[in-house]
Amino acid sequence: MSIPSHIQQLFKERFGRQPLVVRSPGRINLIGEHTDYNQGFVLPAATDKAVYVAMAPSEDGRCRWIAADFDNDEFTTDLTELRQSGRHWPDYLLGMVDQLRKRGHRIAPFNAVVSGDVPSGGGMSSSAALECATGWGLSELFGLGLDRLTLAKTAQQAENEFVGLRCGIMDMFASAHGRKGHAIRLDCRSLEYEYFPIDLQGYELVLFDTGVKHSLASSEYNTRRQECETGVAMLRQWEPNVQSLRDVTEEMLLRHQRQLDPMVFVRCLYVVQENARLLAACDDLQRNDLESFGQRMYGSHSGLRDMYEVSCAELDYLVSFTLTEKAVIGARMMGGGFGGCTINLIESAAVDDISERLDKAYKIAMGLDLKTYRVRIENGTEIL
Ligand code: GLA
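Residues numbered from 1 in each chain as written. Predicted model: local features only at pLDDT ≥ 70, side-chain atom pairs only at ≥ 80, totals over all residues. Heavy atoms only, no water.

Looking at the environment of P44
- Tracing the backbone through its elements, the reader meets P44 in strand β3 (residues 44-57).
- Using a relative accessible area of 1% as the deciding quantity, one classes P44 as buried.
- Taking the C-alpha atoms as reference, P44 lies 14 Å from S24; in sequence the two are 20 residues apart.
- Among all residues touching P44, those that are not within four sequence positions of it are R27, I28, N29, L30, M170, A174, A183 and I184. (Helix = DSSP H or I, 4+ residues; strand = E, 2+ residues; numbered from the N terminus. Buried < 20%, exposed > 50% of the residue type's maximum accessible area, 1.4 Å probe, protein only. Contact = heavy atoms within 4.5 Å.)

Here is the structure:
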């Protein structure tokens, strides 16, 4: 049975009525990593892996939420006091209710059944997908009239303020705005965006999941943000027009290199170069030059590994393995880093063979099982 049918049925069994079913996808990011919170560019896309939420208003003043993928774990609340649940998954729903209320919306208690096939911990942002699905569903149930941009911003704030991760806007924006067959070039400063058709010409987008999520992921994420903010604050002493790393050029950085802490300098240089790489990669797409695009993916990985230092041995192993594979034209770590997936551009016909061999090699080198996800680019958040 499909996931939406399953949660619809479970909802009917538990609550005796027909729910609304919302789908919101996990995302990939083709290039442009750690640029979103620096007001730079990103190039994400929504995928066929998604979170689904079945929901309807409750009639007894109490919310009952059920996580179908966690043994039907149930959480109840009357929504009078909103604080962290101590159980992780309900926090994304609670965070959305909290933020929507802070924006002046009235949210009455509602029941929900949650499920999905976005690999959790794989760096495809299942949390952003859950937040967007919840917000879109609440907008429909209670007539809030949210638009997609407000949905994405509300979800980002829920994550920042309620869940406590200082992430940028890329994940939520991609989940909410995805379009089948297209990547989204988002300018994270102006929030202007453009859809780029992705013509894969016999190649496929494949994710290799390291199966690890190192515990330093979120602390190091916040440290990187801090290092970039320090860089901006320093540069502003000499370059008063600099508001973010978006306003910084390589030449400007080199001019002030000796005045900057060496680590701050190299972090900032990575971000400036990654923005330039992304813009060049979009030109590649427009010229249908996938090979050149793939080379820039490798360039992005090297920068993330050597300059931004957010990769790890498992991710580096998976990327290095592809260097000698003719059928792979691009690979890099994807998302925040320290685990999760790599994203690869692989000739369709060779995907099975490569992932089988990589699985064996990865087991020997790292003692871990490899998971492979072939992803398709699909539409963003929708009511089914
Ligand atoms: C995580 C965050 C995003 C973004 C990426 C790195 O996925 O949630 O906002 O910063 O890391 O590009």
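Focus: the pattern of salt bridges
- The tally for this structure, following the rule as stated, stands at 34 salt bridges.
- E227 is the partner of R267 in a salt bridge, and the nearest nitrogen-oxygen pair spans 2.7 Å. A residue pair is termed long-range when its members are at least 10 positions apart, and R267 in helix α8 (residues 262-286) and E227 in helix α6 (residues 217-238) qualify at 40 residues. Like E227, R267 is buried.
- With a closest N to O distance of 3.6 Å, R287 and D289 form a salt bridge.
- A single salt-bridge network, built from bridges that share partners, covers D48, K49, K180, R376 and E378. (Salt bridge = Lys/Arg side-chain N within 4 Å of Asp/Glu carboxyl O.)

Brief notes about the pairing of strand β11 (residues 339-347)
- With eight of its nine residues buried, β11 lies for the most part within the structure.
- Looking at chain direction, strand β9 (residues 203-213) and β11 are connected through eight bridges and run antiparallel. Residue pairing across strands places V206 opposite N344, the latter belonging to β11.
- The pairing of strand β10 (residues 328-333) with β11 spans five bridges and is antiparallel. When the sheet's bridge partners are listed, G330 is paired in β11 with L345.
- Here β10 folds back onto β11 in antiparallel fashion, the turn holding five residues, of which G335 has a positive phi close to 90°. (Pairing = 2+ DSSP bridges.)

Quick look at α6
- Taking 1.5 Å per residue as the helical rise, α6 with its 22 residues ought to reach 32 Å, and the 33 Å between its terminal C-alpha atoms agrees with that figure.
- Looking at α6, one finds that the buried residues are A217, Y221, R224, R225, E227, C228, G231, V232 and L235. Along the axis of α6, the buried positions cluster into a sector of 155°, meaning they face one direction only.
- Lining the buried residues of α6 we find β9, α7 (250-255) and α8. (Expected span 1.5 Å × (residues − 1). Arc of directions from axis to C-beta.)

Some thoughts on the site of the ligand
- Around the ligand sit R27, E33, H34, D36, Y37, C167, G168, M170, D171, Y221, G335 and G336, and those are all the residues in its vicinity.
- Here H34 contributes a backbone N or O atom positioned 2.7 Å from an oxygen atom of the ligand.
- Within the contact set of the ligand, an oxygen atom lies 2.6 Å away from a side-chain nitrogen or oxygen of D36.
- Look at the ligand: alone it shows 310 Å² of surface, and the protein chains cover 93% of it.
- The residue inventory of the shell around the ligand, partitioned by class, reads four nonpolar, four polar and four charged. (Near = heavy atom within 4 Å. Polar contact = N/O pair within 3.5 Å; in protein donor to acceptor, adjacent residues only side chain to side chain. Areas by Shrake-Rupley, 256 points an atom, 1.4 Å probe, with all protein chains shown as cover. Nonpolar A, V, L, I, M, F, W, Y, C, P; charged D, E, K, R; others polar.)

Some words on the packing of aromatic side chains
- Tallied over the entire structure, the rule returns eight aromatic pairs.
- Aromatic pair Y37 and Y221: ring centres 5.3 Å apart, planes at 65°, arrangement edge-to-face. Placement of Y37 in the loop between β1 (20-29) and β2 (41-42) and of Y221 in helix α6 is noted, with a sequence separation of 184 residues between them.
- Residue Y37 is classed as buried on the basis of its relative accessible area, which comes to 12%.
- Between F173 and Y193, the ring centres sit 5.1 Å apart and the planes meet at 75°, which makes this aromatic pair edge-to-face. Here the residue F173 occupies a position in helix α5 (residues 170-177), and Y193 occupies one in strand β8 (residues 193-197), the gap between them amounting to 20 residues. (Phe/Tyr/Trp six-rings, centres within 6.5 Å; stacked < 30°, edge-to-face > 60°.)

Some details on the sheet that holds β9
- If you trace the four strands from one edge of the open sheet to the other, you get β10-β11-β9-β12, paired in antiparallel fashion. Across the chains shown, the open sheet's two edge strands, defined by having one partner strand only, are β10 and β12 (371-375). With strand direction ignored, the average angle separating the axes of adjacent strands in the sheet is 20°.
- Packing of helix α11 (residues 351-366) onto the sheet brings it into contact with β9, β10, β11 and β12, and relative to β9 it is tilted by some 20°. (Axes fitted to C-alpha atoms, helices over the stretch in contact; angles between N-to-C directions.)

Section: the nonpolar core
- Ranked by size, the top nonpolar core spans 102 residues in total, and within it I28, L30, L43, W65, F110, L207 and L253 carry the most contacts.
- Here the element with the most residues in this core is α8; it accounts for 11 residues.
- Once residues lying within four places of it in the same chain are set aside, the contact partners of F110 are M55, A56, P57, S58, C63, R64, W65, L79, L93, V97, L138 and F142.
- Core analysis: the second largest hydrophobic core is formed by 17 residues, V206, A327, I354 and L358 among them. (Core = buried A, V, L, I, M, F, W, Y, C linked by side-chain atoms within 4.5 Å.)

So, the pairing of strand β7 (residues 182-187)
- Bridge count between β2 and β7: two bridges; the pairing is antiparallel. Within β7, the position partnered with F41 by the bridge is D187.
- In this sheet, β8 lies alongside β7 in antiparallel orientation, the contact comprising five bridges. Looking at the pairing, H182 lines up with P197 of β8.
- What sits between the antiparallel neighbours β7 and β8 is a turn of five residues, in which L191 has the positive phi angle 65°.

Some words on unusual backbone geometry
- Positive phi is not limited to glycine here, since H34 has a value of about 60°.
- What makes H34 buried here is its relative accessible area of 5%.

Description of the sheet that holds strand β4 (residues 63-67)
- One open sheet accounts for six strands, arranged β5-β4-β6-β3-β1-β13; its pairing is mixed. Two strands in the sheet have a free side with no partner beyond their single neighbour: β5 (73-77) and β13 (382-383).
- In this sheet, β3 lies alongside β1 in antiparallel orientation, the contact comprising nine bridges. If you follow R27 over to β3, its bridge partner there is A46.
- Taken strand by strand, helix α1 (residues 3-15) contacts β1, β3, β4, β5 and β6 (110-116), and its axis lies near 150° from that of β6.
- Against the sheet, helix α3 (residues 126-141) engages β1, β3, β6 and β13, with an angle of about 45° to β3.

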